[in-house]
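# Results of the structural survey
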Amino acid sequence: MKAKESESKTYLGIPLYRPKVAFFEFSSCEGCQLQIINNENTLLDFLSLVEVVNFREAMTEKSDDYEIAFVEGSITRNDEAERLKKIRKNAKILVALGSCACFGGVNQLKNRFNNIEWVKKQVYGKHPIDTAPVRALEEVVNVDLRIYGCPIKKEEVEKIVLHVVLGKSIDIPKYPVCMECKANENICLFDLGEPCLGPITRAGCDSWCPNNNAGCWGCRGPAEDANVGYMKKIMKEKGFSEKTILERLDCFGGFAQFPELKKKGKH
Amino acid sequence: MKKTINVNVKHLTRVEGHGNINIKIRNGKLLEAQWEVIETPRFFEAMLVGRNWDNAPWITGRICGICSIGHTLASIRAVENAFKIVPDEQTRKLRILLKHMETLQSHSLHLCFLVLPDLMNAGSVFPLIDSHKDVVVHAAKIKGLANDLCDCIGGRRLHPTRTVVGGFTKLPAKEELAAFGERLKNIVKDLMVVADLFTGFKLPDFTRETEFVSLKGTAGYPFIGGDVVSSDGIQMREQDYKKLTNEYIVKQSTAKWCRLSRESFAVGALARLNNNFEFLHPVVKDIAGRFGLIPVNHNPFMNNIAQLVESVHVVMDSITLIDELLSSKFTEPRQEVKPGSGVGVGAVEVPRGILYHSYEFDDKGKIVKCDCVIPTGQNHANIQHDLEALAEEFADRGKDDKEIELLASMLVRAYDPCISCSVH
């Protein structure tokens, strides 16, 4: 793709380097890629920062010559794992785009059943179908950078890409959503009678759901030193059932490493 | 007829999800024309089993990144029908307004970013940023407005946050809505520029008679719930969706196929328009007339034009909805939910056609069974039959491999397929 206007773009007087970038998707809703083109106000500026050489959802031309690969989705079949390994070989920087890529996302809810044959039968009956337990990208290849969220927040992606282009460091918040929510002066969701994982979930979304009176479901995974055990205790005190708490914690896969989540379903 | 044609498109571009096109013609005889869907299944229907009712809209909305609002609303309707909740007028209007903006966002994305490159001889919209910047700017403005209004009502343009069983968690401010009313009035001009542009293109001349299925309008163009109608004369209630879709499994597709009166049927903008033309806004009927789009139209490429016509219709209807909302006093946005056992079905006309969600709950409101039938899943068999007819007909007209590859790709794109959604 050409973007003539950008050829003269400079930063502090130095001409900007435009990396070749590619977008790929595995098992997902493709919504995170859509978020990239959902930036109507800033889309053209954003596109002038990079050279898009591969983006199947939007363009017919394709090339394997790229430096940054943005990869959405989780790995649920072996052919996907093979395709991902090829992308890893081609890319200097591999970015996991969104919760499915970072943790398995909602797709990993399938993994909570012991018997994958039962899962297959629920949807396809006796018809044979190829599927494997859901994996995050980092369970298959090395991942250099993670952009969290379901969906990703467009402002955050733009900032990260800008920093990659400028060679600046990338700081993803380690503190919880609760901090952003307080800064936004929202009424605490607990006071509205809503369950919320804001106290233990990694910030960076500007408390997107709580701003809309909707409790956090933990799509960005745990904040640093998240105390899941204590979170459960607080939620119980607030009158929420164990089931409500667990269903929030296991929804996007970000909290899978915590012992509180290890129990599997009856099937 | 040309003797030999070979078309192999792996991972068709400018569509959502993964599908292949294979066409083989030998000695003038069609040996194969296949629409193959290889997308990985995600098993949403299994995922939800055992979970609480409030998980349904939140998780099933994630089936699709483009029509997450439609999925969320179909899911909410199914749960509300199971729990016997009837949304009030305010909630009903806000939901339709939200859905209209998803339709506008999705249709404009498809028409201007995915279809337009084919008509302007480009591989993507990116070169058009230089060569036809004005068109791209109009398109981005339309799509931007639609997305901004989705943010305002649903809390987020994709995977909405405010939409819940019982209503909304938060209402938009009236001043915000009033401002959007003005922006909507202004956007009609931009849509007319896009309409003028499309008037200048000649779409492929191809028809194949098929059955069209959509919700049936009663007082207006249909969007959420009600009876379902087919152009072959069938009418049923939304809760009879299984009889309307008759899902079955085929080897060439990880998405299920559907049938009704014939071997296949079509859903989507063209189906809605064919079945409900009388309810379109008068201005919009004129636009349809400019393109010779009169029901019942059997050219699948005209689905693009039907989307254009619907885009203007939803804008006109949204202006009216905002006026009505502004002149009424806002009431409590959320009804109390009393979960219990039962079965509920929700049918919603989403951008690509009629979408059904169905759930069964136990007495605590835990999901026992979940079933989703996706518009693109209903279209796959029709795409297959169109593809066979198109390959044969255009090979007969002397077209070569490259021309048939483009026509076949354009045919599939005309359906605006949401493939990962159809496999879910």
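Residues and elements named next belong to chain B. One open sheet accounts for 4 strands, arranged S8-S7-S6-S9; its pairing is mixed. With one partner strand each, in any of the chains shown, strand S8 (235-237) and strand S9 (265-266) form the two edges of the open sheet. In this structure, strand S7 (residues 227-230) lies alongside S8, joined through 3 bridges in antiparallel fashion. Each residue of the ladder has a partner; that of Asp227, found in S8, is Arg237. Lying over the sheet, helix H9 (residues 269-276) contacts strand S6 (211-215), S7 and S9, oriented at roughly 85° with respect to S6.

Residues and elements named next belong to chain B. Where helix H10 (residues 282-290) contacts helix H11 (residues 303-326), the axes come no closer than 9 Å and their chain directions differ by 170°. One way to sum up the angle between H10 and H11 is to call them roughly antiparallel. Contacts from Val283, Val284, Ile287 and Ala288 in H10 reach Val309, Val312, His313 and Met316 in H11. Residues of the contact of H10 with H11, tallied by class, amount to 7 nonpolar, 1 polar and no charged.

Glancing now at the sheet that holds strand S2 (residues 19-26) of chain B. Residue and element names in this part refer to chain B. Strand order in the open sheet formed by 3 strands is S1-S2-S3, and the pairing between neighbours is antiparallel. A single partner strand is all that each edge strand has here, and the edge strands are strand S1 (5-9) and strand S3 (29-37). Between one strand and the next, the sheet's axes are offset by a mean angle of 5°, whatever the strand orientation. Across 8 bridges, the pairing between S2 and S3 is antiparallel. Looking across to S3, one finds that Ile23 is bridged to Ala33. Docked against the sheet, helix H12 (residues 375-396) engages S1, S2 and S3, running at close to 150° with respect to S3. Against the sheet, helix H13 (residues 401-414) touches S1, S2 and S3, its axis set at about 45° to S1.

Moving on to the pairing of strand S11 (residues 353-361) of chain B. Residues and elements named next belong to chain B. Of all 9 residues in S11, 8 are buried, a share of seventy percent or more. Inspection of the sheet shows strand S10 (residues 342-350) paired to S11 by 9 bridges, in the antiparallel sense. The residue of S11 that forms the bridge with Gly344 is Tyr359. Between S10 and S11, which pair antiparallel one after the other, the connecting turn spans 2 residues.

Moving on, we get to a positive patch on the surface. Together, A:Lys62, A:Lys86, A:Lys89 and B:Lys10 give the surface a local cluster of positive charge. Tracing the backbone through its elements, the reader meets A:Lys89 in helix H3 (residues 78-90).

Let's shift gears to H9(B). By the criterion of burial, H9(B) is predominantly enclosed, with 8 of the 8 residues buried. For H9(B), the set of buried residues is B:Ala269, B:Leu270, B:Ala271, B:Arg272, B:Leu273, B:Asn274, B:Asn275 and B:Asn276.

Our focus in this paragraph is the nonpolar core. By size, the foremost hydrophobic cluster in this structure holds 178 residues, and its most contacted members are B:Ile21, B:Ile23, B:Leu149 and B:Phe198. Looking at which element gives the most residues to this core, the answer is helix H4 (residues 89-119) of chain B, with 14 residues. Two domains each provide a minimum of three residues to this core, namely domain 1 (5-166) and domain 2 (178-261) of chain A. If near-sequence neighbours (up to four positions away) are discounted, B:Leu149 is found in contact with B:Leu97, B:Met101, B:Leu177, B:Phe180, B:Leu184 and B:Ile322. With 22 residues, the next largest nonpolar core counts A:Ile75, A:Val140, A:Val143 and A:Tyr148 among its residues.

All names here are of chain B. Contact geometry of helix H7 (residues 174-199) with H11 gives a least axis separation of 9 Å together with a crossing angle of 160°. It follows from the interaxial angle that H7 and H11 lie roughly antiparallel. Two packed elements cross with a definite hand, and for H7 against H11 that hand is left-handed. Here the residues of the contact of H7 with H11 are counted per class, giving 20 nonpolar, 3 polar and 2 charged.

Listed by partner, the interface residues are 64 residues for chain A and 65 residues for chain B. Taken together, the two surfaces of chain A and chain B that pack against each other cover about 5,700 Å², and 57% of this comes from carbon and sulfur. Inspection of the chain A/chain B interface yields 2 salt bridges. Between A:Asp250 and B:Arg51 there is a salt bridge, and its shortest N-O distance comes to 2.8 Å. In this assembly, chain A and chain B are joined by 35 residue pairs in polar contact (both at pLDDT 80 or more). At the level of secondary structure, the elements contributing two or more residues to the side of chain A that touches chain B comprise helix H1 (31-37), helix H2 (43-49), strand S4 (51-55), H3, helix H5 (116-124), helix H8 (208-211) and helix H10 (242-249) of chain A. Per-element accounting of the side of chain A that touches chain B gives the leading share, 6 residues, to H5(A).

Turning to unusual backbone geometry, a few remarks are in order. Here the residue pair A:Cys150 and A:Pro151 is connected by a cis peptide bond, since its omega of 0° sits within 30 degrees of zero. With respect to the secondary-structure elements, A:Pro151 resides in the loop between strand S7 (145-147) and helix H6 (154-166). Across the junction of B:Pro295 and B:Val296, the peptide omega takes the value -5°, indicating a cis bond. Of note in this structure, A:Glu30 is not a glycine but carries a positive phi near 65°. Here A:Glu30 is to be found in the loop between strand S3 (20-25) and H1. The exposure class of A:Glu30 is buried, given its relative accessible area of 1%. Positive phi outside glycine occurs at B:Lys84, with the angle close to 55°. As for its placement among the helices and strands, B:Lys84 is situated in the loop between helix H3 (68-82) and H4.

Moving on, we come to the environment of B:Ser409. All names here are of chain B. Tracing the chain through its elements places Ser409 in helix H13. The spatial distance from the C-alpha of Ser409 to the C-alpha of Val15 is 9.6 Å, given a sequence separation of 394 residues. Excluding residues that lie within four positions of it along the chain, Ser409 makes contacts with Val9, Leu12 and Ile21. Only 2.8 Å separates the side chain of Ser409 from the backbone oxygen of Glu405, close enough to count as a polar contact.

All names here are of chain B. Under the defined criterion, the tally for this structure stands at 17 aromatic pairs over all chains. A ring pair is formed by Trp53 and Phe83, whose centres lie 5.9 Å apart and whose planes are at 80°; its orientation type is edge-to-face. Of this pair, Trp53 sits in the loop between helix H1 (44-47) and helix H2 (55-60) while Phe83 sits in the loop between H3 and H4, and the two are 30 residues apart along the sequence. Phe83 gets classed as buried once you look at its relative accessible area, which sits at 9%.

Attention now moves to the pattern of salt bridges. One pass over the full model with this rule turns up 38 salt bridges over all chains. Residue A:Glu25 pairs with A:Arg56 through a salt bridge whose shortest N-O separation is 3.2 Å. Here A:Glu25, found in strand S3, pairs with A:Arg56, found in the loop between S4 and strand S5 (68-72); they are 31 residues apart in sequence, far enough to count as distant. A relative accessible area of 2% means that A:Glu25 is categorised as buried. Its relative accessible area of 7% is what places A:Arg56 among the buried residues. Because the salt bridges share partners, they merge into one network encompassing B:Asp148, B:Asp151, B:Arg157 and B:Arg183.

Calculation criteria
Residues numbered from 1 in each chain as written. Chains lettered and ligands numbered in written order. Predicted model: local features only at pLDDT ≥ 70, side-chain atom pairs only at ≥ 80, totals over all residues. Heavy atoms only, no water. Pairing = 2+ DSSP bridges. Helix = DSSP H or I, 4+ residues; strand = E, 2+ residues; numbered from the N terminus. Contact = heavy atoms within 4.5 Å. Axes fitted to C-alpha atoms, helices over the stretch in contact; angles between N-to-C directions. Parallel < 35°, antiparallel > 145°, perpendicular 65-115°, else oblique. Nonpolar A, V, L, I, M, F, W, Y, C, P; charged D, E, K, R; others polar. Buried < 20%, exposed > 50% of the residue type's maximum accessible area, 1.4 Å probe, protein only. Patch = residues over 30% accessible without salt bridge, like charges linked within 9 Å, V, L, I, M, F, W, Y side chains within 5 Å. Areas by Shrake-Rupley, 256 points an atom, 1.4 Å probe, with all protein chains shown as cover. Salt bridge = Lys/Arg side-chain N within 4 Å of Asp/Glu carboxyl O. Lys, Arg positive; Asp, Glu negative; His and termini not counted. Charge placed at Lys NZ, Arg CZ, Asp CG, Glu CD. Core = buried A, V, L, I, M, F, W, Y, C linked by side-chain atoms within 4.5 Å. Domains from an automatic or database assignment. Left-handed = near helix turned anticlockwise from the far one by under 90°. Buried area = accessible area lost by both parts, 1.4 Å probe. Polar contact = N/O pair within 3.5 Å; in protein donor to acceptor, adjacent residues only side chain to side chain. Phe/Tyr/Trp six-rings, centres within 6.5 Å; stacked < 30°, edge-to-face > 60°.

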